[in-house]
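Descriptive structure summary
Chain by chain, the residues run as shown.
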Amino acid sequence: QTMQTTPSTQIVNVGGYSIGGPEFTVIAGPCSIESREQFLETAMGVKASGAHLLRGGIWKMRTSSKDFQGLGTSSFDMIKDVCKQTGMSLVSEVTDARQIEQIYDVVECFQVGSRNMHNYALLKELGMQKKPVLLKRGFAALITEWVKAAEYVTVGGNPNVILCERGIRTFETSTRNTLDLNAVAFAKKNTSLPVIVDPSHAVGIRALVPDLAYAAAAVGADGIIVEVHPRPAEALSDGMQALTLNDFKVMMNKLDRILDAI
Ligand code: PEP
Ligand code: MN
């Protein structure tokens, strides 16, 4: 049974899969792609529980330059193998316009991270591409700034943008960020683009991620993008917020029931 949601006007095709249509989209995978074993195990696990698309960072925007920066270009062949083997398409972040060409055959959707939402040179370059763009909201960006950032891509000639609310910085420090569900409802009403939620970066605490995913479904989001790691304690980035494969399975079952009820 497919999970139903309210369709957006603009349906975005990611490697043959539609985001913004009637199905609630689940994009899942590790924060960073760390090795063939880790990526394959995660991909097979999330696929078995019903994920539609894979996520996984190749170049990371880490706050500290001393932290793991991603496997980079040396991982492309391995990543293509895993996608082919699992029959899943990958969404992955480009942190620099020069990476677009390098990664073109590896991904089906370019992610723009929260820290790059205001990188208009990158957005202009993505406006000239044939593949879709998942645009995270800047952690201190107004909704209007986020929507205008999306317009850099759409006006540039690429209508295929997915908006992603990933939490904003507020006075609150008990959680990593504050999930702005207002922004999801507002963007759904006032734009034609699909709107998804990233509960992982929004809250930053594994045990709370599923509850925010359910909230995303209830508020009318078109889907979620969520971090999963087979062994979160060993993760090279964002282990605190990574769901285990079993957590993910449990969440998917409950999500199905919630979407049925609304
Ligand atoms: C990510 O998706 O791993 C990420 C870095 O997200 P954000 O840009 O929202 O911080
Ligand atoms: Mn992350």
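The numbering scheme is per chain: residues are counted from 1 as the chain's sequence reads. Chains and ligands are labelled sequentially in the order written, the chains with letters from A and the ligands with numbers from 1. Two thresholds apply to this predicted model, a pLDDT of at least 70 for residue-level local features and 80 or more for giving and counting side-chain atom pairs, whereas whole-chain, interface and lining totals are computed over all residues.

As named in an unreviewed UniProt entry, the protein chain is Phospho-2-dehydro-3-deoxyheptonate aldolase, taken from Bdellovibrio bacteriovorus.

1. What to know about helix α9 (residues 245-261)
Here α9 contains 17 residues, and its C-alpha end-to-end distance of 25 Å stays within 8% of the 24 Å for a straight helix at 1.5 Å per residue. Counting other C-beta atoms within 10 Å of each residue's C-beta, where C-beta atoms are placed from the backbone, gives the exposure class: buried for 20 or more, exposed for 12 or fewer, partly exposed between. Secondary structure elements are defined from DSSP: runs of H or I of at least 4 residues count as helices, runs of E of at least 2 residues count as strands, and each element is numbered from the N terminus. Among the residues making up α9, those that are buried are Phe248, Met251, Met252 and Leu255. Viewed along the axis of α9, the buried residues span an arc of 105°, placing them on a single side of the element. Residues of α9 that are exposed and point over 90 degrees away from its buried face: Asn246, Asn253, Arg257, Asp260 and Ala261. The contact criterion used is a C-beta to C-beta distance within 7 Å, with each C-beta placed from the backbone. In this structure, the buried side of α9 is in contact with β3 (25-29), α1 (36-48) and α8 (209-219). Here a helix's expected span is defined as the number of its residues, less one, multiplied by 1.5 Å. As used here, the arc belongs to the directions running from the helix axis to the C-beta atoms.

2. Points about the site of ligand 1
Whether a residue is near a molecule or strand depends on its C-beta atom, placed from the backbone, lying within 6 Å of it. In the neighbourhood of ligand 1, the contacting residues comprise Cys31, Gly57, Met61, Gly113, Ser114, Arg115, Lys136, Arg166, Asp198 and His201. By residue class, the composition of the shell around ligand 1 is two nonpolar, four polar and four charged. Residue polarity follows a fixed list, in which Ala, Val, Leu, Ile, Met, Phe, Trp, Tyr, Cys and Pro are nonpolar, Asp, Glu, Lys and Arg are charged, and the others, Gly among them, are polar.

3. Focus on unusual backbone geometry
The backbone of aspartate 238 shows a phi angle near 55°, a positive value even though the residue is not glycine. Mapped onto the secondary structure, aspartate 238 falls in the loop between β10 (223-227) and α9.

4. Description of the nonpolar core
With 76 residues, the main nonpolar core has Leu135, Ile162 and Leu163 as its most contacted residues. Residue contributions to this core peak at six residues, all from helix α5 (residues 143-155). Residue contacts for leucine 163: discarding those within four places in its chain leaves Leu135, Trp146, Ala150, Ala187, Thr191, Leu193, Pro194 and Val195. In these notes, a nonpolar core means any group of buried Ala, Val, Leu, Ile, Met, Phe, Trp, Tyr and Cys residues linked to one another through C-beta atoms within 7 Å.

5. Thoughts on the environment of arginine 257
Here arginine 257 is to be found in helix α9. Among the residues examined, arginine 257 registers 10 C-beta atoms within 10 Å and is labelled exposed. Along the backbone, arginine 257 and alanine 242 are 15 residues apart, and their C-alpha atoms lie at a distance of 22 Å.

6. Considerations on α5
Side chains that are three or four residues apart share a direction in an α-helix, a result of its 3.6 residues per turn. With 13 residues, α5 should reach 18 Å at 1.5 Å per residue; the first-to-last C-alpha distance of 18 Å fits that figure. Among the residues of α5, Trp146, Val147, Ala149, Ala150, Tyr152 and Val153 are the ones counted as buried. In the core, the buried residues of α5 are packed alongside α4 (120-126), β7 (133-136), β8 (161-165) and α6 (181-190). Two residues or fewer after α5 comes glycine 157, characterised by a positive phi angle close to 120°.

7. Notes on the confidence of the model for the protein chain
The predictor attaches a confidence to each residue, called pLDDT, with possible values from 0 through 100. This prediction gives the protein chain a mean pLDDT of 97; 99% of its residues lie at or above 70. Here the complex is predicted with pTM 0.97, and the ipTM for its interfaces comes to 0.99.

8. Things to note about the sheet that holds strand β4 (residues 53-55)
Pairing is parallel in the closed barrel, where eight strands are placed in the order β3-β4-β5-β6-β7-β8-β9-β10. When the angles between neighbouring strand axes are averaged without regard to direction, this sheet yields 25°. Summarising the sheet, β3 and β10 pair through five bridges and their orientation is parallel. Looking at β10, one finds that threonine 25 is bridged to glycine 223. Any two strands with at least two DSSP bridges between them are considered paired. Only the stretch in contact is used when fitting a helix axis, every axis being a line fitted to C-alpha atoms; angles between N-to-C directions are given from 0 to 180 degrees.

9. Focus on the environment of methionine 44
Note that methionine 44 resides in helix α1. Residue classification places methionine 44 among the partly exposed residues on the basis of 15 C-beta atoms within 10 Å. Between the alpha carbons of methionine 44 and threonine 86 there is a distance of 6.5 Å; along the sequence they are 42 residues apart.

10. Side note on the UniProt feature "domain: DAHP synthetase I/KDSA" (unreviewed entry) in the protein chain
The feature "domain: DAHP synthetase I/KDSA" (unreviewed entry), as given by UniProt, occupies residues 20-257 in the numbering adopted here. With 37% helix and 14% strand, residues 20-257 has its two end C-alpha atoms placed 20 Å apart. UniProt positions are given in the numbering used here, feature names are shortened, and annotations may be inferred rather than shown by experiment.

11. Things to note about the packing of α8 against α9
Packing of α8 against α9 leaves a shortest axis separation of 10 Å and a crossing angle of 25°. Taken as axis vectors, α8 and α9 run roughly parallel relative to one another. In this structure, α8 meets α9 at a crossing whose hand is right-handed. Contact residues: α8 offers Pro210, Ala213, Tyr214, Ala217 and Ala218, while α9 offers Met251, Lys254, Leu255, Ile258 and Leu259. When the residues that make up the contact of α8 with α9 are grouped by side-chain class, the tally is nine nonpolar, no polar and one charged. Working rule for angles: under 35 degrees goes down as roughly parallel, over 145 as roughly antiparallel, 65 to 115 as roughly perpendicular, anything else as oblique. Crossing handedness is defined as follows: a turn of the near helix away from the far one that is anticlockwise and smaller than a right angle gives a left-handed crossing, while the clockwise case is right-handed.

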